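Per-entry structural report
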Amino acid sequence: MINKLKNFLGGKNLAMDLGTANTLLFVPGVGIVVNEPSVVAVDTFTNVVIAVGTEAKTYMGRAPDRIKVIRPIRDGVIADYEATRQMVTLFVSKAVHKLSLLRPLLTICVPMGITQVEKRAVRESGLQGGARDVKLIVEPLAAAIGAGLPVKEPIGSMVLDIGGGTAEVAVISLSNIAFSESVRTAGDALNESIQRYFQENFQLLIGENMAEEVKIEIGSAIPLAEPLSREVYGKSMLNGSPTKVLATDENIRLAMVEPLNRIVDTMKNALEKTSPELVADIHDNGLLLVGGGALLKGLDVLLSRETNICVHVDEDPLTTVVRGTGKVLDKKAGFGDVFLPE
Ligand code: ADP
Ligand code: MG
């Protein structure tokens with residue numbers, strides 16, 4: 001009761017990172033309150049959502065035809081409005097109930113290229129989940145703020161966010177985006193390349209989740225000091241029977257060469273298109289690497305070797321964006337001018 005009153009008077013606020021792979025909710029002073037895959041399972045006969053988040057992800061590749069398992073945000077854009085709306089509403093109301101928040105102010109970070117229609121859809125789902133008002137901020141700014149970069153200064157900062165659907169590179173100065181580019185090559189593309197590699201080299205069909213597990217466990221962008229290996233389970237393309245093969249880190253590295261090169265090229269291209277003054281700043285201060293893809297072993301070394309720029313992986317790259325989104329809610333921090341216009 002006292003808590004409820006306090007929330008009502010003081011007003012706890014909510015920050016949301018609506019990612020292609022994961023959705024996170026964060027409450028300043030409390031921490032991460034929701035961290036689940038951006039997945040929705042829908043019964044196509046009744047059009048009713050039967051599961052979201054972690055539960056829905058376990059349905060992937062296992063659901064009967066009647067149940068469609070969707071990742072409603074693809075390539076950084078909302079591919080399925082209705083499913084996104086239901087997912088956001090559910091996650092927000094989950095956080096609201098968990099902490100007995102009373103109509104919090106919700107800040108959501110969104111991809112750079114978001115359209116007016118998408119903005120409206122995201123806003124409305126936040127309101128339906130119980131928010132009093134919804135403000136939006138673009139992802140690269142949220143990432144830079146989350147990592148404590150000097151975004152308000154006339155100093156160039158470069159951020160590379162490798163998520164599920166997209167890798168987004170941005171140069172920030174004076175609380176604005178000086179340059180940004182997004183490519184549809186990120187974590188999902190790495191998983192798909194791994195799946196293809198096992199088909200072509202071992203005649204083995206493996207699921208999306210298996211490919212991701214293997215990437216996280218033994219994948220690396222450069223040769224490792226200590227070689228890694230593990231068993232990979234799938235289905236033989238020759239006779240359909242369950243089969244396993246022993247894969248090494250080298251297998252996985254070979255599988256990922258192409259998409260990793262595309263990510264390196266994206267960063268090189270961004271440097272080419274940035275003014276010499278800003279490039280000099282970036283050279284002095286380095287690149288900030290965030291998003292789940294930043295956790296790929298040796299990726300920082302590969303990027304740094306290819307571009308001659310020092311690369312820093314944020315301390316917890318899966319949560320940088322949502323923590324930054326939470327920081328802008330603090331009036332005293334002075335980030336009032338970073339929100340997107342309605
Ligand atoms: P988004 O913002 O698009 O939701 P995230 O920043 O949450 O994406 O990152 C999700 C991606 O990060 C997934 O493709 C996942 O496989 C990948 N990922 C997570 N942990 C690791 C890891 N340790 N090594 C490599 N990739 C990882
Ligand atoms: Mg993200």
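In the block above lies the structure referred to throughout.
Now for a quick tour of the structure. (Residues numbered from 1 in each chain as written. Chains lettered and ligands numbered in written order. Predicted model: local features only at pLDDT ≥ 70, side-chain atom pairs only at ≥ 80, totals over all residues. Heavy atoms only, no water.)

Side chains of nonpolar character tend, in soluble globular proteins, to be buried together. In this structure, Leu160, Phe198, Val232 and Leu299 are the most contacted members of the largest nonpolar core, which totals 43 residues. Residues within four places of leucine 299 in sequence aside, it is in contact with Ile162, Ala221, Leu260, Leu289 and Gly293. In this structure, Met16, Val52, Ala95 and Ile108 belong to the second largest nonpolar core, which totals 30 residues. (Core = buried A, V, L, I, M, F, W, Y, C linked by side-chain atoms within 4.5 Å. Buried < 20%, exposed > 50% of the residue type's maximum accessible area, 1.4 Å probe, protein only. Contact = heavy atoms within 4.5 Å.)

The subject of this paragraph is the pairing of strand β11 (residues 157–162). Counting buried residues in β11 gives 6 out of 6 residues, a clear majority hidden from the surface. By the bridge criterion, 6 bridges tie β11 to strand β12 (residues 167–173) in an arrangement that is antiparallel. Bridge assignment links leucine 160 to a residue of β12, and that residue is valine 169. The turn linking β11 back onto β12 is made up of 4 residues. With 4 bridges connecting them, β11 and strand β17 (residues 287–290) associate as parallel partners. Residue pairing in the sheet places valine 159 in a bridge with leucine 288 of β17. (Helix = DSSP H or I, 4+ residues; strand = E, 2+ residues; numbered from the N terminus. Pairing = 2+ DSSP bridges.)

In this section: the sheet that holds β12. Pairing within the open sheet is mixed, and its 5 strands lie in the order β13-β12-β11-β17-β18. With partners counted over all chains shown, the strands left at the sheet margins are β13 (176–183) and β18 (311–313), one partner each. Taking the axes of each pair of neighbouring strands and ignoring which way they run, one obtains an average angle of 20° across the sheet. Packing against the sheet, helix α10 (residues 299–307) makes contact with β11, β17 and β18, and its axis sits at approximately 160° to β18. (Axes fitted to C-alpha atoms, helices over the stretch in contact; angles between N-to-C directions.)

Time to look at the packing of aromatic side chains. For the structure shown, the criterion picks out 3 aromatic pairs. Residues tyrosine 197 and phenylalanine 198 carry aromatic rings whose centres are separated by 5.8 Å and whose planes lie at 85° to one another, so their mutual orientation is edge-to-face. Note on accessibility: tyrosine 197 and phenylalanine 198 belong to one class, buried. Three or more aromatic residues joined by ring pairs make a cluster, and in this case those are Tyr197, Phe198 and Phe202. Looking at lysine 135, its charged tip hangs above the ring of phenylalanine 339, at a distance of 5.1 Å from the centre. Between lysine 152 and the ring centre of phenylalanine 335, over which it is positioned, the NZ or CZ distance is 4.7 Å. (Phe/Tyr/Trp six-rings, centres within 6.5 Å; stacked < 30°, edge-to-face > 60°. Lys NZ or Arg CZ within 6 Å of the ring centre and 35° of its normal.)

A separate point is the sheet that holds strand β1 (residues 14–18). Strand order across the open sheet formed by 5 strands is β3-β2-β1-β9-β10, with mixed pairing between neighbours. Edge positions in the sheet fall to β3 (31–37) and β10 (133–138), since each has one partner strand and no second. Here the strands of the sheet are splayed against their neighbours by 20° on average, with no regard to which way each runs. In terms of strand pairing, strand β9 (residues 105–110) meets β10 through 6 bridges, oriented parallel. Across the sheet, leucine 106 pairs through a bridge with valine 134, a residue of β10. Along the sheet, helix α5 (residues 139–146) makes contact with β1, β9 and β10, crossing β10 at roughly 85°. Across the sheet, helix α11 (residues 320–327) is in contact with β1, β2 (22–27), β3, β9 and β10; its angle to β1 comes to roughly 145°.

Turning next to a positive patch on the surface. On the surface, a cluster of positive charge is contributed by Arg103, Arg132, Lys135 and Lys331. Positionally, lysine 135 belongs in strand β10. Overall, the relative accessible area of 31% leaves lysine 135 in the partly exposed class. (Patch = residues over 30% accessible without salt bridge, like charges linked within 9 Å, V, L, I, M, F, W, Y side chains within 5 Å. Areas by Shrake-Rupley, 256 points an atom, 1.4 Å probe, with all protein chains shown as cover. Salt bridge = Lys/Arg side-chain N within 4 Å of Asp/Glu carboxyl O. Lys, Arg positive; Asp, Glu negative; His and termini not counted. Charge placed at Lys NZ, Arg CZ, Asp CG, Glu CD.)

Of all residues adjacent to ligand 1, which total 16 residues, the nearest are Thr20, Ala21, Asn22, Glu212 and Lys215. Contact between ligand 1 and alanine 21: an oxygen atom at 2.7 Å from a main-chain N or O atom of the residue. Protein contact buries 89% of the 580 Å² of open area that ligand 1 shows by itself. (Near = heavy atom within 4 Å. Polar contact = N/O pair within 3.5 Å; in protein donor to acceptor, adjacent residues only side chain to side chain.)

All right, on to the packing of helix α6 (residues 187–202) against helix α8 (residues 249–272) then. Between α6 and α8, whose axes approach to 8 Å, the crossing angle comes to 130°. It follows that α6 is oblique to α8 by the angle criterion. When you trace α6 past α8, the crossing you get is right-handed. Counted together, Ala189, Leu190, Ser193, Ile194, Tyr197, Phe198 and Phe202 of α6 and Asn251, Ile252, Leu254, Ala255, Met256, Pro259 and Leu260 of α8 form the full contact between these two elements. Taken together, the residues of the contact of α6 with α8 sort by class into 12 nonpolar, 2 polar and no charged. (Parallel < 35°, antiparallel > 145°, perpendicular 65-115°, else oblique. Left-handed = near helix turned anticlockwise from the far one by under 90°. Nonpolar A, V, L, I, M, F, W, Y, C, P; charged D, E, K, R; others polar.)

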